[in-house]
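Survey of secondary and tertiary structure
So you can see what is in the structure, the chains are spelled out below.
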Amino acid sequence: MSSVKAAITAVHGYVPPDLLTNHDLEKLVDTTDEWIRSRTGIECRHILKGEGLGTSDMAVEAVLGLLAKRSLGPLDIDLLICATVTPDHVFPATANIICDKLGAKNAWGFDLGAACSGFIYALSTAAQFIETGKYKRIVVVGADKMSSIIDYADRSTCVIFGDGAGAVLLEPSADGTGILDFILKSDGHGRVYLHQKAGGSVLPASHDTVDKRLHYVFQDGQPVFKAAVVGMADVSAEIMEKNKLGPDDIAYLVPHQANLRIIDATARRMGVGPEKVMVNIQRYGNTTAGTIPLCLWDWEKKLNKGDNLILSAFGGGFTWGAVYVKWAYEPN
Ligand code: ACO
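Read on for an overview of the structure. Here the residue index of a chain counts from 1 through its sequence in written order. In keeping with the model being predicted, local features are shown solely for residues with a pLDDT of at least 70 and side-chain atom pairs are shown and tallied solely at 80 or more, while totals for entire chains, interfaces and linings include all residues. For the side-chain quantities, the full set of heavy atoms in the structure was used; hydrogens and water were omitted.

1. Some words on the packing of aromatic side chains
Two descriptors summarise a pair of aromatic rings, namely the distance from one centre to the other and the angle between the planes of the rings. In summary, the pairing rule links any two rings of Phe, Tyr or Trp, Trp by its six-membered ring, whose centres are within 6.5 Å, and it sorts them by plane angle into stacked for under 30 degrees, edge-to-face for over 60 and tilted for everything else. Applying the stated criterion across every chain, the model contains eight aromatic pairs. Seen from their ring centres, Tyr193 and Phe318 are 6.1 Å apart, and the 20 degrees between their planes marks the pair as stacked. Residue Tyr193 is located in the loop between β8 (178-186) and β9 (194-196), and its partner Phe318 is located in the loop between β12 (308-315) and β13 (319-326); the two are separated by 125 residues in the primary sequence. Residue burial is assigned from relative accessible area. The probe radius is 1.4 Å, only protein chains are included, and a residue is buried under 20% of its type maximum, exposed over 50%, and partly exposed in between. Of the residues examined, Tyr193 reaches a relative accessible area of 31% and is grouped as partly exposed. Put simply, the rings of Trp108, Phe110, Phe129 and Tyr135 pair up and form one aromatic cluster. Note on criteria: charge over ring means Lys NZ or Arg CZ within 6 Å of the ring centre, with the direction from the centre no more than 35 degrees off the ring normal. The aromatic ring of Phe218 is capped on one face by Lys197, whose charged end is 4.0 Å from the ring centroid. What counts as a helix is a DSSP run of H or I of at least four residues, what counts as a strand is a run of E of at least two, and both are numbered from the N terminus.

So, in structure tokens, the structure goes:
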């Protein structure tokens, strides 16, 4: 096995300035601030507004911040992977658009679609290119403009999602830090509970699909909730066991921010207290591929070199998994 690991050497995020609060949603659908807080933990979300703005624009902001932190320029990027379910267009890949907007002319890129697990799938994929020695600097972006596929007349989904982007830089490390392990899973049987019905090759866009409101997120919340509670908790416990980590060895659980109750169940199963769990769902809602890098961005100043982090996610597909990261740098 390679002694070179892929270390996260910078993290940055971006959320658009416009806010959508629970009280705003009370005016749109039959819901209450109390219901949303108690069932999900969410208080507010950021929404990308503006003609012609898409997922790539948020990603570009996150990557520019990332590069500035390491005093690098866009030409230093070898590869950029964008995890998203809300690409700017069906094709070309949003990663290509991000690279073009950045001027990252030495990079190639591709998109990876694994819904809320997209970031950990992309991170694990990117790590392979570093470990083989093929590339030196890879940017992994998790970005979603969920507001572009949310039906603001459907109270069961519109309260959950928000827009945002987070990015990390991966570089080779030989000092024992970096992405040390991952477990990734998927089960296509779960697709019936969480998907977008139209706009793909099975049901292309038509007047009928628009009239029937089929271009939005469809979610049957209860089965997704049940699968997420078990899936996220089990895989997080599994990666700890596999790496002989006890609760005291863990500095932070970095969970996908879908629902506070799912996060709590995962932390309980791992035996880690709430002080070790990154939670910002109250401010951003569920930004799909953006949640985990946005957590790392918010907590960056509290992370120390050598800290053991467990990144854990569950999402549409179903897709789920956990990544064991040993943090590579001190706060500055
Ligand atoms: N306000 C008020 N009432 C509501 C709302 C709302 N916003 N939404 C639903 N309700 C009602 C329902 O109509 C239902 O009413 P009824 O009992 O009269 O039929 C009642 O509340 C209970 O509905 P449930 O769907 O059972 O509510 P639940 O407690 O399951 O919470 C939620 C719903 C928050 C969606 C939860 O199921 C959940 O978090 N699911 C998992 C989400 C997730 O993890 N998704 C994966 C990641 S997302 C991705 O990959 C893109």
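2. Side note on the pairing of strand β11 (residues 252-255)
Here β11 shows no split at all, with Tyr252 and Val254 on one side and Leu253 and Pro255 on the other all buried. Note that β11 and β12 share four bridges and pair parallel. Bridge assignment links Val254 to a residue of β12, and that residue is Leu311. We call two strands paired when DSSP finds no fewer than two bridges between them.

3. Structural notes on the pattern of salt bridges
Salt-bridge detection follows one rule: a side-chain nitrogen of Lys or Arg within 4 Å of a carboxyl oxygen of Asp or Glu. Tallying each qualifying case throughout the model produces 14 salt bridges. Between Asp33 and Arg37 there is a salt bridge whose closest N-O contact spans 2.9 Å. Taken together, the residues span about one helical turn, with Asp33 and Arg37 both in helix α2 (residues 33-40) at a distance of four residues. Looking at Arg37, the relative accessible area reads 40%, which means it is partly exposed. Linking Asp151 and Arg213 is a salt bridge whose minimum nitrogen-to-oxygen distance equals 2.8 Å. One end of the pair, Asp151, is in the loop between β6 (138-145) and α6 (155-158); the other, Arg213, is in the loop between α7 (207-211) and β10 (217-219), with 62 residues separating them in the sequence. The exposure class assigned to Asp151 is buried, which follows from its relative accessible area of 9%. For Arg213, a relative accessible area of 44% gives the class partly exposed. Overlapping salt bridges, with partners in common, bring together Asp33, Arg37 and Glu43 in one network.

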